[in-house]
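# Reading the structure
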Amino acid sequence: MRLIETEQNTWVQVTGVKGGRGLQEKLIQYGFFIGDRVRVLRRAPLGGPLLIEVSGREMALGRGVAERIEVESLP
Amino acid sequence: MRCALVGRPNCGKSTLFNQVAGYKAETGNFHGTTVTFTASKVRVTGTVLDLVDLPGAYTLSGASPAEREAQRYLDQEPVDVIVGVLDASHLSQSLELGLELLQMDKPVVLALNMLDEAARLGLHINGAGLAEKLGVPVLPLVASKGRGVRNLFVAALDAAKNGQPVNHRYGRDLRTPHERHAAGAELAEAFVRQGERHLNWRDRLDDALLHPVWGYAVLLLILYIFFQTVYGLGSVLETPLLAALEALTAKVAAPFGEGTFWSQLVIGTMQGVTGGVAIVMPYLLPFLLGLGLLEDIGYLPRVAFLMDAMMHRIGLHGKAIVPFILGYGCNVPAVMSTRTLEEPRDRFMAAALATLVPCAARLSVVFGLVAFYLGPVAAMGLYAFNLFVIALTGRVLTRLMPEDTPGLILEIPPYRVPTVRNVFNKAWFRVREFVVEAWPALIAGSAVLAVLNFVNAARYIDLAVRPLTWILGLPAEVGLPLIFGILRKELSLVMLGQALGTMDFGSVLNTVQLFTYSVFVVFYVPCLATLMVLRRELGNKGMLWISGLTVVVALAAALVSRLVLSLIVLAQSA
């Protein structure tokens, strides 16, 4: 499943980032790691970004970014 | 003795720097406000410390310009002690950078900043235990309120003087970001106890401010109130200041007789002084104070979130909204703030489009010509037209340079109660830039212009730019102010007055000419100061490209307005 498809306020675990090392490294610089638990808090309208929570902080991720993040639901 | 402050964006590093240095570093609740380092001398218990505030970095191995700058500084400059500022409310992530600092062979002191924020979140941190585990001093700090600042620098000085054994430090074997991430989480687990979280208004605020409908309504309302207040205050201040300075000019020039070289020179110089004090300052100061307030509260990243979709339409992403908003105050900080964008292509685009945004100086032209002679609706129309042209330019540029980044990645910090000191310091810092860099040029430019007028050089310059003024349907006399407007845009009005021999522009220019002139002035080549920053940020080539672009855009926009307005006037008279 991709992060962009997850339900609001449901915790999921990041399993991978598609689309090259560049994006993955950039996300790491912002403190977003594979294996982290994240949830989508809000969605901006009209194809805007997602507001997500990751380890106690909030981040905005553009749709293009969220489309490339693979997640799986937590048991 | 040199001490470097290092920390993640938003950790309160610059706030700490301002507490001790005062009026130096720019701080803001938006990541990457400190794009270059700032230095100051600080006296701690009788020793003078060179304090350097490095740009906020998530990691020392990062690729953003700010991170590379921090990295380069620590590697190459003689630093005696590093103060790592950690955000206590997000200790696990802060420690990732902290652990990188521990791998440097230099004395390190860590500060647990924002302990008040951590307490609000119900976090209890065992600082002593952490210090023991890491092998470096860990000190409590609430930089925004000045608590713990003195003790921190005493400890830093002590570490710098006595050295520090580096072999016993924790985590010297951690190599990858993943390992540091895991170690940070482990340390936070061990030394942070989660108590009860006190939910308050700040946690609920985003429900309204980021709401898909109300969020935009509030944004519009905030911007409306913001600009209304700024311009309201500005016009209230402008009129008496202008009257006072004009009276002063008359008094100072009187002893030199009438129409003599010296009286012309004095009047020209004083017009430059007047332009700065009475025309620019009344708008710039409230604008910067208001912007500082929005920045400190943490609203600007929310604006980036809300505007991301819109900004994608013109080929940029949400983060580039900041240069645009800043641009309405002054293009210089606007161009500087493009440094927070990672991709060179985004930086170029944002800088090019931000220089098309009418700054406070060009605002004086819009107000002095369009609003005054043609009414507020025409002024609003010019602003709307400006936005349209910027969007169009953005689309065209995107065709030429396609967007290749996946999009926005931005930390949204918690709201903070702004401190008066921070907001004033920041506004002062930016105003000082204007006073030091721009104002002298304004005064000198105005004096040079007076001399040129006296020796009748204006005729030749007017002749040289006659093709341009002719095609725009403007009188030949406006050629000189157009060329010298590049020196400083706020001179445009003063110079126009000098060139036309009257400040009553309505009597010499008709409606179409007034509007066409204003449109051209708003878009064409940014002022000298902006050109300098463009060169620093993008190199000579970037500066020349953007200058050329603005001339083309200005010419096209002015021609279109001339055409459309002439048709409207024709239709009205028919």
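What follows deals with the overall build of chain A. Scanning chain A from terminus to terminus reveals 2 helices and 5 strands. Secondary structure of chain A in N-to-C order comes out as β-α-β-β-β-α-β. Relative to the globule expectation of 11 Å for 75 residues, the C-alpha radius of gyration of chain A, 11 Å, shows essentially globular dimensions. Each of the three principal axes of chain A carries a C-alpha extent, and together these read 30 × 30 × 25 Å. Per-residue burial for chain A yields a buried fraction of 51% across its 75 residues. Considering only intrachain contacts with a sequence separation of at least 6, the fraction spanning at least 24 residues in chain A is 56%. With the model as given, the accessible surface of chain A reaches about 3,200 Å², and the carbon-plus-sulfur share is 44%. If you average the places of the 11 positive and of the 9 negative side-chain charges in chain A, the two averages end up 4 Å apart.

Summing up its helical and strand segments, chain B has 23 helices and 9 strands in all. Radius of gyration (C-alpha) of chain B: 27 Å, near the 25 Å computed for a compact globule of 574 residues. Here the C-alpha coordinates of chain B stretch approximately 85 × 55 × 40 Å along the principal axes. Taken across its 574 residues, chain B has 59% of its residues classed as buried.

A few words on the interface of chain A and chain B. With 30 residues of chain A at the interface, the matching set in chain B holds 33 residues. Summed over both sides, the interface of chain A with chain B buries roughly 2,800 Å², with 60% coming from carbon and sulfur. Interface area lost by chain A to chain B is led by Gln 29, Tyr 30 and Arg 42 of chain A, which between them contribute 26%. The tally of links between chain A and chain B comes to 3 salt bridges. For Glu 343 of chain B, the salt bridge goes to Lys 26 of chain A, with nearest N and O atoms at 3.5 Å. At the boundary of chain A and chain B, one finds 9 residue pairs in polar contact (both at pLDDT 80 or more). Here the element with the most residues in the side of chain A that touches chain B is helix H1 (residues 20-29) of chain A; it accounts for 6 residues. Residue classes in the side of chain A that touches chain B are distributed as 15 nonpolar, 8 polar and 7 charged. The sheet contact formed by strand S4 (residues 57-61) of chain A and strand S9 (residues 409-412) of chain B spans 4 bridges and is antiparallel. Along S9 of chain B, the bridge assignment pairs Glu 58 of chain A with Ile 412 of chain B.

Time to look at the sheet that holds strand S3 (residues 47-53) of chain B. Residues and elements named next belong to chain B. Spatial strand order, S2-S3-S1-S4-S5-S7: 6 strands in an open sheet with mixed pairing. At either margin of the open sheet sits one strand with a lone partner, and together these are strand S2 (38-44) and strand S7 (138-140). Looking at each pair of strands side by side, their axes are set apart by 30° on average, direction ignored. The pairing of strand S1 (residues 2-7) with S3 spans 4 bridges and is parallel. Paired with Leu 5 across the bridge in S3 is Asp 53. Seen against the sheet, helix H5 (residues 127-134) touches strand S5 (108-113) and S7 and runs at an angle of roughly 160° to S7.

A rise of 1.5 Å per residue sets the reference length of helix H3 (residues 91-102) of chain B, with its 12 residues, at 16 Å; its end C-alpha atoms lie 15 Å apart and thus fit the reference within 8%. Taking burial as the measure, the 12 residues of H3 of chain B include 12 buried ones, the bulk of the element.

This part takes up the packing of aromatic side chains. Residues and elements named next belong to chain B. With the rule as written, the count across this model stands at 5 aromatic pairs over all chains. Geometrically, the ring pair formed by Phe 261 and Trp 262 is edge-to-face, given 5.3 Å between the ring centres and 75° between the ring planes. Taking 6.4 Å as the distance between ring centres and 90° as the angle between the ring planes, the aromatic pair formed by Phe 385 and Phe 523 counts as edge-to-face. Placement of Phe 385 in helix H16 (residues 376-400) and of Phe 523 in helix H22 (residues 511-523) is noted, with a sequence separation of 138 residues between them. An identical accessibility class is assigned to Phe 385 and Phe 523; each is buried. Each residue in the set Phe 261, Trp 262 and Phe 454 is aromatic and connected to the rest through ring pairs, giving one cluster.

Another point: the nonpolar core. Residue and element names in this part refer to chain B. Counting 104 residues, the largest nonpolar core has Leu 353, Leu 369 and Phe 523 as the members making the most contacts within it. The element contributing the most residues to this core is helix H23 (residues 528-573), with 11 residues. The residues touching Leu 369, leaving out its near neighbours within four places in the chain, are Leu 374, Leu 493, Leu 496, Phe 505, Leu 514, Tyr 517 and Ser 518. Core analysis: the second largest hydrophobic core is formed by 36 residues, Val 52, Tyr 73, Leu 74 and Leu 102 among them.

The next subject is unusual backbone geometry. Within the chain, Leu 46 of chain A stands out as a residue other than glycine whose phi angle is a positive 55°. Note on placement: Leu 46 of chain A falls in the loop between strand S2 (37-43) and strand S3 (50-54). The class of Leu 46 of chain A is exposed, set by a relative accessible area of 64%. Of note, Met 114 of chain B is a non-glycine position whose phi angle comes to about 60°, a positive value. Within the secondary structure layout, Met 114 of chain B lies in the loop between S5 and helix H4 (115-120). With a relative accessible area of 8%, Met 114 of chain B lands in the buried category.

It is worth spelling out the packing of H16 of chain B against H22 of chain B at this point. All names here are of chain B. Two elements in contact, H16 and H22, have axes whose closest approach is 11 Å; the angle formed by their N-to-C orientations is 40°. Our classification of the angle between H16 and H22 gives oblique. Between H16 and H22 lies a crossing of right-handed hand. Counted together, Ala 378, Leu 382, Phe 385, Asn 386 and Val 389 of H16 and Phe 515, Ser 518, Val 519, Val 522 and Phe 523 of H22 form the full contact between these two elements. Looking at the contact of H16 with H22 residue by residue, the classes come out as 8 nonpolar, 2 polar and no charged.

This brings us to helix H9 (residues 214-253) of chain B. Residue and element names in this part refer to chain B. For H9, which comprises 40 residues, the first-to-last C-alpha distance of 56 Å matches the rise-based estimate of 58 Å (1.5 Å per residue) to within 8%. Along H9, the helix axis deviates most sharply at Glu 238, where the bend reaches about 25°; the proline Pro 240 sits within four residues downstream. For H9, the complete set of buried residues consists of Gly 215, Tyr 216, Leu 219, Phe 226, Phe 227, Val 230, Tyr 231, Gly 234, Glu 238, Leu 245, Thr 249 and Ala 253.

We now examine the environment of Val 52 of chain B. Relative to the elements of secondary structure, Val 52 of chain B occurs in strand S3. Sequence spacing of Val 52 of chain B and Arg 347 of chain B is 295 residues, and the spatial spacing of their C-alpha atoms is 26 Å.

Conventions used here
- Every chain is numbered on its own, with residues counted from 1 as its sequence reads.
- Following the order in which they are written, the chains are lettered starting with A and the ligands numbered starting with 1.
- For this predicted model, a pLDDT threshold of at least 70 governs which residues receive local features, and a threshold of 80 or more governs which side-chain atom pairs are given and counted, while totals over whole chains, interfaces and linings are taken from all residues.
- Just so you know, side-chain values use all the structure's heavy atoms and leave hydrogens and water out.
- Helix and strand labels come from DSSP, where a helix needs a run of H or I of at least four residues and a strand needs a run of E of at least two; each type is numbered from the N terminus.
- Atoms considered for the radius of gyration are the C-alpha atoms alone. The globule rule reads 2.2 Å times the number of residues to the power 0.38.
- Think of it in three bands: with a 1.4 Å probe and only protein chains considered, a residue is buried below 20% of the maximum accessible area for its type, exposed above 50%, and partly exposed in between.
- Residue contacts are counted whenever heavy atoms from the two residues lie within 4.5 Å of one another.
- The accessible surface values rely on the Shrake-Rupley method and a 1.4 Å probe; as for residues, cover is taken only from the protein chains in view.
- His is not counted, nor are the chain ends, whereas Lys and Arg count as positive and Asp and Glu as negative.
- The atom standing in for a charge is NZ when the residue is Lys, CZ when it is Arg, CG when it is Asp and CD when it is Glu.
- Two parts lose some accessible area (1.4 Å probe) when they are put together, and adding that loss for both gives the buried area.
- In the sections that follow, a salt bridge refers to a side-chain nitrogen of Lys or Arg positioned within 4 Å of a carboxyl oxygen of Asp or Glu.
- In protein, a polar contact means a hydrogen-donor-capable atom and an acceptor-capable atom, both N or O and within 3.5 Å, with residues adjacent in sequence counting only if both atoms are side-chain atoms; elsewhere, any N or O pair within 3.5 Å suffices.
- Amino acid classes used here: Ala, Val, Leu, Ile, Met, Phe, Trp, Tyr, Cys and Pro are nonpolar; Asp, Glu, Lys and Arg are charged; the rest, including Gly, are polar.
- Think of it this way: DSSP has to see at least two bridges between two strands before they count as a pair.
- To define axes, lines are fitted to C-alpha atoms, for helices over the stretch in contact only, and angles between the resulting N-to-C directions are given on a 0 to 180 degree scale.
- Take the residue count of a helix, subtract one, and multiply by 1.5 Å to get its expected span.
- Two rings from Phe, Tyr or Trp (for Trp, the six-membered ring) form a pair when their centres are within 6.5 Å of each other. A pair whose planes differ by under 30 degrees is stacked, one over 60 is edge-to-face, and the rest are tilted.
- The set of buried Ala, Val, Leu, Ile, Met, Phe, Trp, Tyr and Cys residues whose side-chain atoms join them within 4.5 Å is what this entry labels a nonpolar core.
- Here roughly perpendicular refers to angles of 65 to 115 degrees, roughly parallel to angles under 35, roughly antiparallel to angles over 145, and oblique to all remaining angles.
- With the far helix as reference, a near helix turned anticlockwise by less than a right angle produces a left-handed crossing, and one turned clockwise produces a right-handed crossing.
- To get the bend at a residue, fit one axis to the 7 residues ending there and another to the 7 starting there, then take the angle between the axes.

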